[in-house]
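Here is how the chains run, residue by residue.
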Amino acid sequence: MLNVILAGATGWAGSELARGIAGSADLRLVAAVSRSQAGRRLGEVLQEPRLSAMVHGSAVEALAQPCDVFVEYTRPESAKGNILAALAAGAHVVVGTSGLTEGDFAEIDALARARKRGVLACGNFALTVVLLQKFAEMAARWIPQWEILDYAHDDKADAPSGTARELALRLGRVRAPERTVPLDKTVGPVEARGATLAGTQVHSIRLPGYVIGAEVVFGLADQRLSLRHDAGTSARPYVDGALLAIRRVSTLVGVQRGLDAVLELEPRVAGSERP
Ligand SMILES: NC(=O)c1ccc[n+]([C@@H]2O[C@H](COP(=O)([O-])OP(=O)(O)OC[C@H]3O[C@@H](n4cnc5c(N)ncnc54)[C@H](OP(=O)(O)O)[C@@H]3O)[C@@H](O)[C@H]2O)c1
């Protein structure tokens, strides 16, 4: 049985995950974090009687309960402080919150290694995103030019999304993308070419009518490959991946990015067992 603290348990993504934890026989939610619902039982807030954990107003208060894994699902402004507090308290950490910078992750990694704890950070827990990342890495080995389109609802404040950032970083590790026209030779406003992230041009679209999506477009002479993930309107796609991360994060030391750090994704020969 793993004891879990969930920060952001009353939010759009966190509340769905809390219900997922309630339905998992091997996980026990021992405390939750939400400023507006502090002092109440989470089960009462979410109308899920299996969740008897108390809601606390801060991560530090919640961490008075011993836990194995702390899940960070709040907002970018509070995420780093919560993660550092959880590591200092001896917990492994799963990070779902997007918007942390590379500098933030470097600081978190240093503390996690000093404490010999794992931090698994996934900008997107959906299986279709994990596969998009893998397929895109394969494509980048063969196709030297690509750009990323990052789609989200109009009121998403952070840009590019965690999903797009993670994708750009991963592709940058495969190789630096080529550009036929260098950015400084752009005729017109250079912003029209998007933001440069780990060498990749990323274009963030924020409009009503979108939920969350990411697309990588690879271009070769007279041919094009698009790899695209689109999520629907519920937070359901993120639950199974987050539960897997909670179960496996203790196998890691330091910061790992992406669910594939704990997922077997290589194809198996026909007739072998499914992962
Ligand atoms: N990795 C993934 O697969 C994935 C999927 C979906 C979303 N996300 C990311 O997860 C984050 C949360 O998204 P969301 O849509 O669930 O947001 P949300 O609905 O606004 O929920 C945020 C939650 O965090 C709590 N919170 C906010 N600020 C806090 C603070 N300073 N201290 C303590 N608790 C705080 C909120 O409760 P109170 O306001 O009551 O404090 C609420 O429970 C975002 O960064 C989003 O981009 C990631």
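Residues numbered from 1 in each chain as written. Predicted model: local features only at pLDDT ≥ 70, side-chain atom pairs only at ≥ 80, totals over all residues. Heavy atoms only, no water.

Participant: Requested: an account of the overall build of the protein chain, with residues and values cited.
Facilitator: Assigned secondary structure in the protein chain consists of eight helices and twelve strands. Computed over the C-alpha atoms, the radius of gyration of the protein chain is 20 Å, within 12% of the 19 Å expected from 2.2 N^0.38 for a compact globule of 275 residues. Out of the 275 residues in the protein chain, the part that is buried amounts to 48%. Counting every atom, the protein chain has about 13600 Å² of accessible surface; 52% of that belongs to carbon and sulfur. The positive charge centre, built from 31 side chains, and the negative charge centre, built from 30, are 3 Å apart in the protein chain. (Helix = DSSP H or I, 4+ residues; strand = E, 2+ residues; numbered from the N terminus. Rg over C-alpha atoms; globule rule 2.2 N^0.38 Å. Buried < 20%, exposed > 50% of the residue type's maximum accessible area, 1.4 Å probe, protein only. Areas by Shrake-Rupley, 256 points an atom, 1.4 Å probe, with all protein chains shown as cover. Lys, Arg positive; Asp, Glu negative; His and termini not counted. Charge placed at Lys NZ, Arg CZ, Asp CG, Glu CD.)

Participant: Which residues make up the pairing of strand β9 (residues 200-206), and what are the values?
Facilitator: Here β9 lies mainly inside the structure; five of its seven residues are buried. Here strand β7 (residues 146-152) pairs with β9 via six bridges, running parallel. From the neighbouring strand, E147 faces β9, where its bridge partner is Q201. Direction of pairing for strand β8 (residues 195-197) relative to β9: antiparallel, over a ladder of three bridges. (Pairing = 2+ DSSP bridges.)

Participant: Explain the pattern of salt bridges to me, using residue names and the numbers behind them.
Facilitator: Side chains bearing opposite charge may pair, as long as their charged atoms lie close to each other. Evaluation of the coordinates by the stated rule reveals 17 salt bridges. Note that K156 and D158 form a salt bridge whose closest N and O atoms lie 3.2 Å from each other. The exposure classification of K156 matches that of D158, with both residues buried. Connected via shared salt-bridge partners are K134, E137, R170 and D260. (Salt bridge = Lys/Arg side-chain N within 4 Å of Asp/Glu carboxyl O.)

Participant: Would you mind going over the environment of G81 in detail, with residue names and values included?
Facilitator: Structurally, the position occupied by G81 is in helix α4 (residues 76-88). Judged by its relative accessible area of 47%, G81 falls in the partly exposed class. Residues G81 and R175, 94 residues apart in the sequence, show an inter-C-alpha distance of 33 Å.

Participant: Can you explain the sheet that holds strand β10 (residues 212-220)? Please cite residues and give values.
Facilitator: Strand order in the open sheet formed by five strands is β8-β9-β7-β10-β11, with mixed pairing between adjacent strands. Where the open sheet ends on each side, the last strands, each with one partner, are β8 and β11 (223-231). Taking each pair of neighbouring strands and ignoring which way they run, the sheet shows an average axis angle of 25 degrees. Together, β7, β8, β9 and β10 form the strand contacts of helix α7 (residues 162-174), whose direction differs from that of β7 by roughly 165 degrees. (Axes fitted to C-alpha atoms, helices over the stretch in contact; angles between N-to-C directions. Contact = heavy atoms within 4.5 Å.)

Participant: Lay out the nonpolar core with the relevant residues and their values.
Facilitator: If you look at the biggest cluster of nonpolar residues, it comprises 41 residues, and the most contacted ones within it are L6, L17, I21, L42, V71, F125 and I246. The leading source of residues in this core is helix α8 (residues 239-248), at six residues. Discounting residues that sit within four places of it in the chain, I246 has contacts with L2, V4, L17, I21, L27, V69, V71 and V94. (Core = buried A, V, L, I, M, F, W, Y, C linked by side-chain atoms within 4.5 Å.)

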